[in-house]
Amino acid sequence: MMIAGALTRSSSSRLSFTLSAAAKSSSHLTSPPSSPPPSPSNPSTRSPISPSLHSPAPLSSFARYFGDWRSPLSHRAQIRYSAAVAERFERHFATMATRNAYESILTSLPKPGGGEFGKYYSLPALNDPRIDRLPYSIRILLESAIRNCDEFQVTGNDVEKILDWANTSRKQVEIPFKPARVLLQDFTGVPAVVDLACMRDAMKKLGSDSNKINPLVPVDLVIDHSVQVDVARSENAVQANMELEFHRNKERFGFLKWGSSAFHNMLVVPPGSGIVHQVNLEYLARVVFNNGGMLYPDSVVGTDSHTTMIDGLGVAGWGVGGIEAEAAMLGQPMSMVLPGVVGFKLSGKLRNGVTATDLVLTVTQMLRKHGVVGKFVEFHGEGMSELSLADRATIANMSPEYGATMGFFPVDHVTLQYLKLTGRTDDTVAMIESYLRANKLFVDHSQPQTERVYSSYLELNLEDVEPCVSGPKRPHDRVPLKVMKADWHSCLDNKVGFKGFAVPKEAQNKVADFSFHGTPAQIKHGDVVIAAITSCTNTSNPSVMLGAALVAKKACELGLEVKPWIKTSLAPGSGVVTKYLEKSGFQKYLNQLGFNIVGYGCTTCIGNSGDLDETVSAAISENDIVAAAVLSGNRNFEGRVHPLTRANYLASPPLVVAYALAGTVNIDFETEPIGTSKDGKKVYFKDIWPSTEEIANVVQSSVLPDMFKGTYQAITKGNPMWNQLLVPSSTLYTWDPSSTYIHEPPYFKDMTMSPPGPHPVKDAYCLLNFGDSITTDHISPAGSIHKDSPAAKYLMERGVERKDFNSYGSRRGNDEVMARGTFANIRLVNKLLKGEAGPKTVHIPSGEKLSVFDVAMRYKSEGHDTVILAGAEYGSGSSRDWAAKGPMLLGVKAVIAKSFERIHRSNLVGMGIIPLCFKPGEDAETLGLSGHERYTINLPESVSDIKPGQDVTVVTDNGKSFTCTVRFDTEVELAYYDHGGILPFVIRNLIHSKH
């Protein structure tokens, strides 16, 4: 694959009117861009601009051309009409932008045997004592800023902000960041490629070069979200499910295959290869790039929130919205607020029998309580060296669940051992170690550690971690295993909520009889109907996977069985898992209990659990049973795993097997037997639970480097079904108007070269009124398409049979389906419906109750804007573009919430929707808002009059007035809003670029 490095300069990097540059050029007003870089021989020189931080300075070139950025006649206003000035500005920077202000610290990295590995920007050569105190995660941001410092996209002032992190991180300062690469999966990758294809068309329509739309950094797309568990408990499950996957998704897959050839720098990993984050960990991650002799740390942004898993390998990575990722692909620096860093000290070691899953659920609860939204978490301490790389990756993986941008483990000897285990060459590992040690990015536990400064501190003794699960509706609701039965009974008693089902006492022991293929069967509240070993969180960890296999072995030897109506499945994250399970000889025991391999992908964790047996579904529905799913996943929000499992518990793979054997979550493993052995004796949890030493011995003998090498040598060669897909060779996509999978979206339909400016929100109706913790699964479900939904109606009108509906996630390339699927979650609780759950709302003028889509379309046809009222943590869960694209297509102009999840707020901005926050202590309820009012948002008409984070007044038609904070967090986000979103912004930039 061709690799374009972070130093590649795109034609878009010297844009005649790049607003990201404009936003940052305000910094030039206090410091001259020509300040000299620091000299390694002059330790007093701390950065190019530090001497002038507190003193007046000449105006920058930008300011001389365009005047004060904050003046009423702003840059944004002027660029619409001043092409001549823009060209002059571009010519001025054309040569300057290719030169790095820090080239004097470019240093050679020698090889031990002679020669050099390459050159790198040396942090020690800055001679700045602040670097030693910086968290490792911030040093990576620092290196990137230095390496990309062209005084245009990235300035010396940006570098100084990062160097002075101990002071600036408290001030919400903005910095640019250019990741080394971008990671996609197919659910988010298809709409990203659709957007890129559509942007090419827009470029052509506006008279520009469509080939400017090309990734400038490596883009890796792994197809892992499409496989469903249609067939389970069968030796043929993998092949059968893959055939169904290709039957349903042939058009999508063909489109992605077209994209891999139509766009440069794009690698597509075919279906059946593994889960994106495990493939990233075991194969795609570079840790250190050597790009034509230039060395720099690997960093990645991904369109899946669990991209953070790579943080366990010491690679800085996090999830972003697809629209942000698309801009990053096209050479735009990402604008981010310099984050605080929580120092999480680990000590001791895990007790016997405690798993990495128990640890991550404990960490998730601790960090959720501490409050880490928008922050990095950096792990350190002697306990860190006791954790395997796979255990670290498990903890890093669940960063979205504890709310952090990253959960970062710096590189140390454990990382290097893992790189060798997974087949990276000795030369590569030597280069990685040499570079990181030389650039103060390596942790050597044998050396005294300089105490680093953190924004806040937490500590956990690993010996305090105990076996646990999380649920029944949220990942951070941890339940120690020893109190699970009591907690379950309290959930039955409690009113409906995150920890309640409100089942009347007299109904809690209800037994529903049914016939399962001729066999008499029963189901009760808390009975397990899905038991899935799934998800990148755990399937990348040999200890818990082989631990599950050992539980199966012990259970089979005692004669225990899993009830045949429980849907059991095993979906490894890569082919390596299959190889070591076979090598251990334990796969046969998993098969015996029904945990046959069903495919290589996310499956149950993202709602691709497939149908339950009809008899089981009927027994649950007809008797209103609170059925349970137990899965080794990372998300258990209501309605996500399966529509009929109202209780969903996250657990380690060995616990998944244990609960499948027990058949219920209503059990005390310490005192009650799991089952009866073949010789009639009661079998308890302790009888089948392996020791840590047993697991370690099996891992040592079964997990071998050749397994990784063999698996990944052939990864891009695909399989016969993939290889037989025929795709056109054109660089512009030919849209098929009859397609129900790939449809040309309307984003650029009436686009002109002039930014549209702010959209006034006047007398808007409330489309939906929500409480707390509305997730992206509520807003834009990924799972099955309900037969009575607007999306189903659309598909049936186009001749698609119900069996071929597929999932919402698989149809994200079609805006018509996805707009109809917005707020289509059957568990949606909308206060306008007064307690009734479901994907409906009220058309306020008429009082009619209709689907959310139908009400939204009626408002649009009547010429009315809409807003959404929400509580805390709006948009939590998966990073999902369509949770912002869908509301935009429905006509939503603003969301007023108590708080937003980080990625979702960014996505709303990227689609031109205004995110507003109630003031602390206020919400719709305390302000007496019912949602039946009409809302006017008094935002300035000119974007130059809007400041990041400013207050605005919202008034209603019944005389209420309240103040909100506008959550445009940076100047660049204001530019996006001015342009109607991030993608129109990028297109206009690229068209004005001549270089």
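The structure presented is a predicted model; accordingly, all values stated were derived computationally and were not measured. (Residues numbered from 1 in each chain as written. Predicted model: local features only at pLDDT ≥ 70, side-chain atom pairs only at ≥ 80, totals over all residues. Heavy atoms only, no water.)

## Let's talk about the pairing of strand β13 (residues 376-380)
Among the 5 residues in β13, 5 count as buried, and that is most of the element. Side-chain alternation along β13 places Phe376, Glu378 and His380 on one buried face and Val377 and Phe379 on a second face that is also buried. Where strand β12 (residues 341-347) and β13 come together, 5 bridges link them in parallel fashion. Pairing of Val342 across the sheet is with Val377, part of β13. Handedness of the crossover joining β12 and β13 through helix α12 (residues 356-370): right-handed. For β13 and strand β14 (residues 406-408), the ladder comprises 3 bridges, and the chain directions are parallel. When the sheet's bridge partners are listed, Phe376 is paired in β14 with Met406. (Buried < 20%, exposed > 50% of the residue type's maximum accessible area, 1.4 Å probe, protein only. Helix = DSSP H or I, 4+ residues; strand = E, 2+ residues; numbered from the N terminus. Pairing = 2+ DSSP bridges. Right-handed = clockwise from strand over helix to strand, strands pointing away.)

## Thoughts on unusual backbone geometry
Omega for the peptide link from Gly471 to Pro472 comes to 10°, which places this bond in the cis form. A positive phi angle, close to 60°, is found at Lys440, a residue other than glycine. Relative to the elements of secondary structure, Lys440 occurs in the loop between α16 (426-438) and β15 (456-461). We note that Thr603 has phi near 45°; this positive angle belongs to a residue other than glycine. In this structure, Thr603 sits in the loop between α21 (587-592) and α22 (614-623). Judged by its relative accessible area of 1%, Thr603 is buried.

## Digging into the sheet that holds strand β29 (residues 866-869)
Taking strand neighbours around the barrel as the criterion, the 7 strands line up as β26-β29-β30-β31-β34-β33-β32 in a closed arrangement whose pairing is mixed. Put simply, the sheet's adjacent strands are angled 40° from each other on average, direction ignored. Bridging between strand β32 (residues 934-937) and strand β33 (residues 951-956) involves 3 bridges; their strand directions are antiparallel. Residue pairing in the sheet places Tyr935 in a bridge with Thr956 of β33. (Axes fitted to C-alpha atoms, helices over the stretch in contact; angles between N-to-C directions.)

## With respect to the pattern of salt bridges
Applying the stated criterion to the full structure yields 46 salt bridges. Two residues, Asp493 and Lys505, come together in a salt bridge whose shortest N-O distance is 3.1 Å. Of this pair, Asp493 sits in helix α17 (residues 484-493) while Lys505 sits in the loop between α17 and β18 (511-516), placing them 12 residues apart in sequence. Taking relative accessible area as the criterion, Lys505 reaches 57% and is therefore assigned exposed. Close ionic contact of Arg798 with Glu797 constitutes a salt bridge, the shortest N to O distance being 3.5 Å. Through salt bridges with shared partners, a single network forms among Asp128, Arg130, Glu160 and Asp164. (Salt bridge = Lys/Arg side-chain N within 4 Å of Asp/Glu carboxyl O.)

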